[in-house]
Each structure stands twice: as C-alpha cells, then as structure tokens.
Amino acid sequence: MLSQSNKDLILLKPEEYPIDFLTAKEIKLVLEMKEKLVQGHIKSMRVYRDDGHMLWRFLKAANLDVEEAVKMYVETVRWRRESFVEDLFHVPAPYIKELGNALYPEHYLGASDKSGLSFYLIRVREQNYSQANKRFSLEHIRQYHVIRLEEKERKLRETTLNTGQWQDEIIQIFDLKGANPFSVKEFANLFKNTVDIDANYYPALYRKILVINTPLIFKSSLSALLGSVAKSWMNKKILHILGSPSKTECKQVLLHHSLGAVNILTRAYGGRKEDISPCAFDWRAFDIRKEKEYEKKFKRITQELDIKNGFKFTKNTRVVRGMLLEWRYKSQRKPVLFSCRPETDEEASIRMKSMIAKSVGSLSDGICAQREEN
C-alpha cells in the first residue's frame, strides 16, 4: 500500500502551480515550445513531464532557443526510454544503490525556510575512490548517478508539497577540504564522466554548484580537469570554484543564493546545525553477505568450464528481467577475452525453427511408438 506522502506525490498537479514568475516574453516562449511538441511529438509528451516548469528548464538550458529546447526534450524522452530510467530507479541492479551510497556518500542538508531551495553536500574526502575503482565500472557509476538524480527530482516534488511553492532547482556543494591530490583528480574525473547526464537530460536542475576549499595547487587547473560542461557552467555563473572561505564568507555566499540557508547549513559552513559525522561502511561484512546471497540465488545456474589455451566457445543464456549475469575467471598467465551480445533476429528465427523441428520430431516418434504398441 502506498504511504500518504507517495499518494500526495502522485496526485501533485504542476498546472496548479502557475509560472507567473516568468515575464510575458518568457511565457510566450514556453507556450510556443509546447505547441511545437503537440504538433510533432505528442507521443513524447505522454510519457514525460510537459508542464510549464519543465519546459522552462529546457528553454533555459537551450539559451531560450525554442527549436533547440524541443530537440533536447525529445532526446531526453528517447534517452529515458532506451536507458530504462524508470526501471533503473524502481528496480536497480543488485547492490548498485547500496554500493553507490557507500562509495560516493552525499548529504541532503534540507530546504531553506523561506525559498524552499534544497541543499546537497558532497565532501570529497569521504569518497572512497580506491574501492570504487575495484567494484564499480563506468557504466555502474553512470547508472548510480541517474538514480541519485531521480531521487533529487522526487525530493523536489516533496519539497513542493511542503512549501506550497513549485521547486525545480537545487544548490550542490562540493567540499574539497582535507582531500589529497589523488582524490581531487578522481573527483574531477568522476564529475567529467557523469556531468553530461545532468546537462543534457536534467536541464537547469542546479541553481548553483559551489566547489569550496579548493587546494591552491588546483585553483587554476580544476576547471580544465572538470571538462567542457564545467567551463560552460562557469561562464553562465552556475559553477563557482572557490578557495578556502571563512565560515562568514561561506555563509554570505550561500545566503546570497537562498534566504534561510543559515538554518540548514552545518556549523562548518557558517550555519546553526550540528556538523555531519563521517560515513562508515564495513566492506568485509558487505562482501561476506554478498557472497552468501549470490551463492543462494545463483547456485543452480552456475557453470564451471575448463577452458584450454586458445579454445573458443559460445554459451547461450536466456536472460529475464531482474536476472544478474556474472562472469568469474581463474586464469594463469594468459588473459581471458570475452564478449556479450544479445541474440539477433536471424539467430532467434533459427533457434525457434530448431525447437519446432525437435518438438514435431518428438511428437512423431511418440505417435509411431503408440501405433506399434497398438
């Protein structure tokens, strides 16, 4: 049964929150974009948000270019469908969310009292990049990043209900205090490898991104390490790379973007809340639990093959939703090369014909045997 909060989120109607904060010219652009979508992309509008607030986000990201905003919207719908975003959020791959939260912890500080703007904090010194390099592929990282963005979008709807004002923006803080050079470079690499998702498919989500306590040796080079999207956001005054501001300066910067922020910021950032304790995760206990659950779930379909040097083989496996495929190799000296691909239409046709032929053959043999007995 759905909780009351989930029911409220489902019943939330964007049209009840007018876009009267826009100028007459901006509202005209929103209406023009909606008309173009109705004329040429009505199917896309049926499966994704088409309210004025979301269309305005695409227009802002497209620099008020209606044609470009329409292209971005249609591309976002296509990407969400092909990436199975809804399935990924509701039924993520085993352990991806738990692992992601442990490897890349992020803190939701809350929403400011007056404007309702939400604040999120990532402290780079808490990010476990050494474990991430062992346990997460780039695809896993991007999947987890999508899950996190979907959670932020849903949190915005919850904040809308609580404040009575439509919320569509957040402030993201990256704190580099105490991070060693390796961690800073890994943070920059992670940012560069995932930020295209934010920019292309979650447009105008960030009101501000503040990178604070940047080490002096990275102050001039960090923008280049973060990639081209970061440079674009810096030019638009969305991304700010700051040094080591005092608590007072930090509070002034944050309060400039949201009234009431002092009530949700921790003392380390000039606020009134208690400081956040570092996250802890027992990797050994996690690995033991994971192995036990894997053994229980997949023992029946596990196959062991003795592969000699230079030997090639093909293994066909039927994959259904929720099934986990895992390859484990024990190799001496020589590397193991493998590829995984879906069945082609031609191969599926041949397989079905073969199955039908075998079925017909078995049926014929059974009929003949029955006649002989008679």
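In short, a report on the structure. Please read all numbers here as calculations on a predicted model, not as lab measurements.

Focus on the environment of L59
Logical step 1: One can find L59 in helix 4 (residues 52-61).
Logical step 2: L59 gets classed as buried once you look at its relative accessible area, which sits at 0%.
Logical step 3: Contact partners of L59, with chain neighbours within four places excluded, come to L29, V30, M33, L64, D65, V66 and A69.

Quick notes on the packing of helix 5 (residues 66-82) against helix 10 (residues 181-201)
The description of two packed helices rests on the angle between their axes and on the distance between the axes.
Logical step 1: Relative to each other, helix 5 and helix 10 sit at 125°, their axes nearing to 9 Å. One element, helix 5, and the other, helix 10, form an angle in the oblique class. Within the contact between the two elements, helix 5 uses M72, E75, T76 and W79 and helix 10 uses I197, A199, N200 and Y201.
Logical step 2: Each residue belonging to the contact of helix 5 with helix 10 can be placed in one class, and the counts come to five nonpolar, two polar and one charged.

Digging into the packing of helix 4 against helix 5
Logical step 1: Taken N-terminus to C-terminus, the directions of helix 4 and helix 5 make an angle of 115°; their axes are 8 Å apart at the nearest point. In the packing of helix 4 onto helix 5, the handedness of the crossing is right-handed. Residues L55, F58, L59 and A61 of helix 4 form the contact with helix 5, whose participating residues are V66, A69, M72, Y73 and T76.
Logical step 2: Class assignment of the residues belonging to the contact of helix 4 with helix 5 gives a composition of eight nonpolar, one polar and no charged.

Considering the nonpolar core
Logical step 1: Residues Y104, F136, Y202, Y206, L222, L226 and W233 are the most contacted members of the largest nonpolar core, which totals 49 residues.
Logical step 2: For this core, the leading source of residues is helix 10, giving eight residues.
Logical step 3: Every residue in contact with Y206, bar those within four places of it in the chain, is listed here: L149, K152, I170, Q172, D198, W233 and I238.
Logical step 4: With 20 residues, the next largest nonpolar core counts W56, F58, V66 and V70 among its residues.

Quick look at the sheet that holds strand 2 (residues 118-123)
Logical step 1: What the five strands build is an open sheet, ordered 1-2-3-4-5; its pairing is mixed. Edge positions in the open sheet fall to strand 1 (107-111) and strand 5 (239-241), since each of these has one partner strand only. Each neighbouring strand pair of the sheet contributes to a mean axis angle of 15°, computed without reference to strand direction.
Logical step 2: With three bridges joining them, strand 4 (residues 206-212) and strand 5 adopt parallel strand pairing. Pairing of L210 across the sheet is with H240, part of strand 5.
Logical step 3: Running over the sheet, helix 9 (residues 138-163) touches strand 1, strand 2, strand 3 (170-175) and strand 4 and is turned about 150° from strand 2.
Logical step 4: Most of the contacts of helix 12 (residues 228-235) go to strand 5, to which it runs at about 95°, and overall it touches strand 4 and strand 5.

Side note on the packing of aromatic side chains
Logical step 1: With the rule as written, the count across this model stands at 13 aromatic pairs.
Logical step 2: Site record: aromatic cluster; members linked through ring pairs are Y104, Y129, F136 and Y144.
Logical step 3: Seen from the ring of F89, R154 lies directly overhead, with NZ or CZ sitting 4.0 Å from the centre.

Rules and cut-offs
Residues numbered from 1 in each chain as written. Predicted model: local features only at pLDDT ≥ 70, side-chain atom pairs only at ≥ 80, totals over all residues. Heavy atoms only, no water. Helix = DSSP H or I, 4+ residues; strand = E, 2+ residues; numbered from the N terminus. Buried < 20%, exposed > 50% of the residue type's maximum accessible area, 1.4 Å probe, protein only. Contact = heavy atoms within 4.5 Å. Axes fitted to C-alpha atoms, helices over the stretch in contact; angles between N-to-C directions. Parallel < 35°, antiparallel > 145°, perpendicular 65-115°, else oblique. Nonpolar A, V, L, I, M, F, W, Y, C, P; charged D, E, K, R; others polar. Left-handed = near helix turned anticlockwise from the far one by under 90°. Core = buried A, V, L, I, M, F, W, Y, C linked by side-chain atoms within 4.5 Å. Pairing = 2+ DSSP bridges. Phe/Tyr/Trp six-rings, centres within 6.5 Å; stacked < 30°, edge-to-face > 60°. Lys NZ or Arg CZ within 6 Å of the ring centre and 35° of its normal.

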